Amino acid sequence: MAAAGDQGNRVLRGIPVSPGVARGKTYVWQRAETEVPRWELREEEIPAELDRLERALVATRQQLLDVQRQVTEVMGAEEASIFDAHLLVLEDRVLLDEVVRVIRRDRVNAEYAFHQVAQKYMAALARVEDEYLRERVADMRDVTARVLSHLMGRAHGLDLSHLREPVIIVAHDLTPSDTVQLDKTKVLGFVTEIGSQTSHAAILARSLGLPAVVGVGRVLQEVESSVYALLDGFNGLLVLNPSDQVLFEYGQLVRRQISLEEKLREVVDQPGVTLDGVRVPILANIEQADDVEAVLACGAEGVGLFRTEYLYINRPHPPAEDEQYEAYRRVASTLRPRPVIIRTLDLGGDKFLSHLVAQQEMNPFLGWRAIRLCLQQPEMFSVQLRAILRASAEGKVKVMYPMISGLDELCQANELLERCKAQLRQQGLPFDEQIETGAMIEIPSAVLVADALARRSRFFSIGTNDLIQYSLAVDRMNERIAHLYEPTHPAILRLIRMTTRAAEAAGLRVSVCGEMAGEPVLVPLLLGLGVHELSAAPPLVPRIKYLVRRIRMNEARDLAEWALTQESASAILRRCEELAHDAAPLLFETRRVDI
Ligand code: PEP
Ligand code: MG
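Residues numbered from 1 in each chain as written. Chains lettered and ligands numbered in written order. Predicted model: local features only at pLDDT ≥ 70, side-chain atom pairs only at ≥ 80, totals over all residues. Heavy atoms only, no water.

K.L.:
Can you break down the overall build of the chain residue by residue, with the values?
P.N.:
Looking only at helices and strands, the chain has 23 helices and 16 strands in total. The globule rule puts the C-alpha radius of gyration for 595 residues at 25 Å, and the 26 Å found for the chain is close to it. Referenced to the eigenvectors of the C-alpha coordinate spread, the extents of the chain come out at roughly 85 × 70 × 45 Å. Within the chain, the fraction of its 595 residues that count as buried is 58%. Within the chain, contacts between residues separated by at least 24 positions form 70% of all contacts whose residues are at least 6 apart in sequence. Surface exposure of the chain reaches about 25,000 Å², of which carbon and sulfur atoms provide 49%. (Helix = DSSP H or I, 4+ residues; strand = E, 2+ residues; numbered from the N terminus. Rg over C-alpha atoms; globule rule 2.2 N^0.38 Å. Buried < 20%, exposed > 50% of the residue type's maximum accessible area, 1.4 Å probe, protein only. Contact = heavy atoms within 4.5 Å. Areas by Shrake-Rupley, 256 points an atom, 1.4 Å probe, with all protein chains shown as cover.)

Set out below in structure tokens:
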């Protein structure tokens, strides 16, 4: 996706995933081990170097044990056993003795010696016939990276603490665990080589209000650190060494953005309601309890999706019941009487406990994720359910289950919830006896059995991010097929309509909490298809409300009725754009630049 202009104004293009403009120096970050330095030692320095190696091995072992304990607590002993192989590498005397020999014999530093020896072992392992031994290469690579990180004083994840001024991060990819840890005072925005609109790093960028562009192929080869650049999250551009003309153009665009934001402030205290008087509550998606301030500031009418998995990532132990209770209680009581939909743990897919545990499955999005993982770990799941129930005594809390594929899962989850209620009753702890439970509709099979799910649910929330990925068989992380990820695909519209029909028949309300709900162009279509509520990242809420207050429900219904007869996703999208642009032209002025 990269394209170049002249050297003084190089323009790289990607997928815009989070609006806004940032200007500053680039900071190129690569997770993989980079250059391993080599230096020579004096004879008398060798003992201290061996000590340094020993300390790094001990620290790595401790780190692996921590990760293993965390994985055991959340995912079970079997999953955690993969780290046994990592620990064995650290106990391999033949390997370690050779490293010590190289340090003594060649009088070189420990990282260089470790790297040399590990490379030699990995090359040898990669050549053997035995598949089991060949697979040990990955374990050795991981352990080597950790040992080198300790020796070279580098954190294993993205560490920005040494930076003096905020930067535009340029990386191959940022995992959700990297992104959620970003120090906002140090980051102006980010650009990645891979990813798409609905990868969780992109979703987090929108929540954090950080401009972001993904899918800029080969950006790591094109960009160095400390280059002055302009990042345009509206149009998906990274401009290196921007010329005065470009800076001027962007000055205008930022002015348009400021005047739009002023206009949007007018709707913050207003309800979501169409011109013909239909109420459409606009709620917010959040990732942590601290986001509650942003919910209040953006004028959301509650929380439509609390992604609780972020409480679990980047830490050695899963949060205990009291800690979770405190987080949920804080959100519920602050927003009371507004509703707060707490989604139970959705680990898996691209959300791992840390990037250290990533990629152990061949198809993680089709794998051990969300409700599947929770139902197999009932003790861990009960801790969360009890915490949610207790928080329901403090505000209007609802429970929502992710990745429901059929009735069995929903019934099992509800049964466990009932058991948790019984425990709380016995302990005399208060909770809302009428607490509502709902299913996320994000797997095509759930749509097909939505009538049955509706009989056991009090509400539905459509997770369009996954519904599109699973229905169209388009990996939501993969920038190469991002053009096939089409929210207006006729199949998607039919699935949404089938869901709202099943809900209507059972008297349930339906919301959309996937990223479609935060895209103004698509909002009239969703409402026309029978969706009652929308939930989006806080910075997007005012735009959605602004648009809803400028359309008529009968126009939206006509649009949807027409769209359901169409065969072409792009023709449907064009009509959606026309309607949204006519209703609220101001919203789209930041999407134009001429460079
Ligand atoms: C979705 O799939 O649309 C959704 C809201 O959940 P997540 O993005 O966390 O998978
Ligand atoms: Mg989902």
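Don't stop here, the text continues.
K.L.:
So what about the site of ligand 1? Which residues, and what values?
P.N.:
In the region of ligand 1, 17 residues are neighbours, and Arg307, Arg343, Gly463, Asn465 and Arg476 sit closest. Contacts to ligand 1 include Asn465, whose backbone N or O atom sits 2.8 Å from an oxygen atom. Relative to its unbound accessible surface of 290 Å², ligand 1 loses 100% to contact with the protein. Every element with two or more residues in the shell around ligand 1 is listed here: helix 8 (200–208), strand 10 (303–307) and helix 18 (464–472). Sort the elements by how many residues they give to the shell around ligand 1 and helix 18 lands first, with three residues. (Near = heavy atom within 4 Å. Polar contact = N/O pair within 3.5 Å; in protein donor to acceptor, adjacent residues only side chain to side chain.)

K.L.:
Before we move on, could you go through the environment of Arg458 and cite the residues and values that matter?
P.N.:
Relative to the helices and strands, Arg458 is located in the loop between helix 17 (450–455) and strand 14 (459–462). The class for Arg458 is partly exposed, based on a relative accessible area of 46%. Counting along the chain gives 19 residues from Arg458 to Ala439, while the straight-line C-alpha distance between them is 8.4 Å. If we skip the residues at most four places from it in the chain, Arg458 touches Gln434, Ile435, Glu436, Thr437 and Leu508.

K.L.:
Hey, could you go over the packing of aromatic side chains for me, with residue numbers and the actual values?
P.N.:
Within the structure shown, the criterion is met by one aromatic pair. With 5.7 Å between their ring centres and 90 degrees between their planes, Phe306 and Tyr328 make a pair best called edge-to-face. Here Phe306 is found in strand 10, whereas its partner Tyr328 is found in helix 12 (residues 321–335), with 22 residues between them in sequence. According to the relative accessible area criterion, Tyr328 is buried, its value standing at 0%. Over the ring of Tyr325 we find Arg390; its NZ or CZ atom is 4.2 Å from the centre of that ring. For Lys398, the ring lying beneath its charged end belongs to Phe459, and the centroid distance is 5.6 Å. (Phe/Tyr/Trp six-rings, centres within 6.5 Å; stacked < 30°, edge-to-face > 60°. Lys NZ or Arg CZ within 6 Å of the ring centre and 35° of its normal.)

K.L.:
Pulling in residues and values, what's your account of the coordination of the magnesium ion (ligand 2)?
P.N.:
In this structure, Glu442 (OE) and Asp466 (OD) serve as the protein donors to the magnesium ion (ligand 2), at separations of 2.0 to 2.1 Å. In this pair, Glu442 is assigned in the loop between strand 13 (436–441) and helix 16 (444–448) and Asp466 in helix 18, connecting sequence segments 24 residues apart. When sorted by exposure, Glu442 lands in the same class as Asp466, which is buried. (Donors = N, O, S within 2.8 Å, 3.2 Å for Na, K, Ca; no water.)

K.L.:
Give me the lowdown on the sheet that holds strand 6 (residues 212–214), citing residues and values where you can.
P.N.:
The strand order across the open sheet built from eight strands is 1-8-7-3-4-5-6-2, with neighbouring strands paired in mixed fashion. This sheet does not close on itself; its edge strands, each paired only once, are strand 1 (10–13) and strand 2 (15–18). Sheet twist, expressed as the mean angle between neighbouring strand axes with direction ignored, is 30 degrees. Pairing of strand 3 (residues 21–29) with strand 4 (residues 167–171), which is carried by five bridges, proceeds in the parallel orientation. In the strand pairing of strand 4, Val28 is matched with Val170. Of the strands in this sheet, strand 2, strand 5 (187–192) and strand 6 touch helix 8, which is tilted by about 50 degrees from strand 2. Each of strand 3, strand 7 (228–232) and strand 8 (237–240) touches helix 10 (residues 244–265); the most contacted strand, strand 3, lies at about 115 degrees to it. (Pairing = 2+ DSSP bridges. Axes fitted to C-alpha atoms, helices over the stretch in contact; angles between N-to-C directions.)

K.L.:
If you had to explain the sheet that holds strand 16 (residues 533–536) to someone new, which residues and values would you point to?
P.N.:
Strand order in this closed barrel of eight strands is 9-10-11-12-13-14-15-16, and the pairing throughout is parallel. Taking the axes of each pair of neighbouring strands and ignoring which way they run, one obtains an average angle of 25 degrees across the sheet. Where strand 15 (residues 509–512) meets strand 16, two bridges bridge the pair, whose relative direction is parallel. Across the sheet, Val512 pairs through a bridge with Leu534, a residue of strand 16. Against the sheet, helix 15 (residues 407–427) touches strand 12 (396–401) and strand 13, its axis set at about 140 degrees to strand 12. Contacting strand 13, strand 14 and strand 15, helix 19 (residues 490–506) runs over the sheet at an angle of about 170 degrees to strand 14.

K.L.:
Can you lay out the nonpolar core for me, pointing to particular residues and giving the numbers?
P.N.:
In this structure, Tyr401, Phe460 and Leu534 are the most contacted members of the largest nonpolar core, which totals 114 residues. Of all the elements, helix 14 (residues 378–391) adds the most residues to this core, at seven residues. Not counting residues up to four positions away in its chain, the partners in contact with Leu534 are Val280, Pro281, Ile282, Leu283, Val512, Ala517, Val523, Leu526, Leu527, Ile544 and Val548. With 33 residues, the next largest nonpolar core counts Val67, Leu90, Val108 and Met140 among its residues. (Core = buried A, V, L, I, M, F, W, Y, C linked by side-chain atoms within 4.5 Å.)

K.L.:
Lay out the packing of helix 4 (residues 93–106) against helix 5 (residues 110–127) with the relevant residues and their values.
P.N.:
Interhelical geometry of helix 4 versus helix 5 gives an angle of 135 degrees and a closest axis separation of 9 Å. Between helix 4 and helix 5, the interaxial angle falls into the category oblique. As helix 4 runs across helix 5, the sense of the crossing is right-handed. On helix 5, the residues that touch Val94, Leu95, Leu96, Glu98, Val99, Val102 and Ile103 of helix 4 are Ala110, Ala113, Phe114, Val117, Ala118, Lys120 and Tyr121. Class assignment for the residues of the contact of helix 4 with helix 5 results in 12 nonpolar, no polar and two charged. (Parallel < 35°, antiparallel > 145°, perpendicular 65-115°, else oblique. Left-handed = near helix turned anticlockwise from the far one by under 90°. Nonpolar A, V, L, I, M, F, W, Y, C, P; charged D, E, K, R; others polar.)

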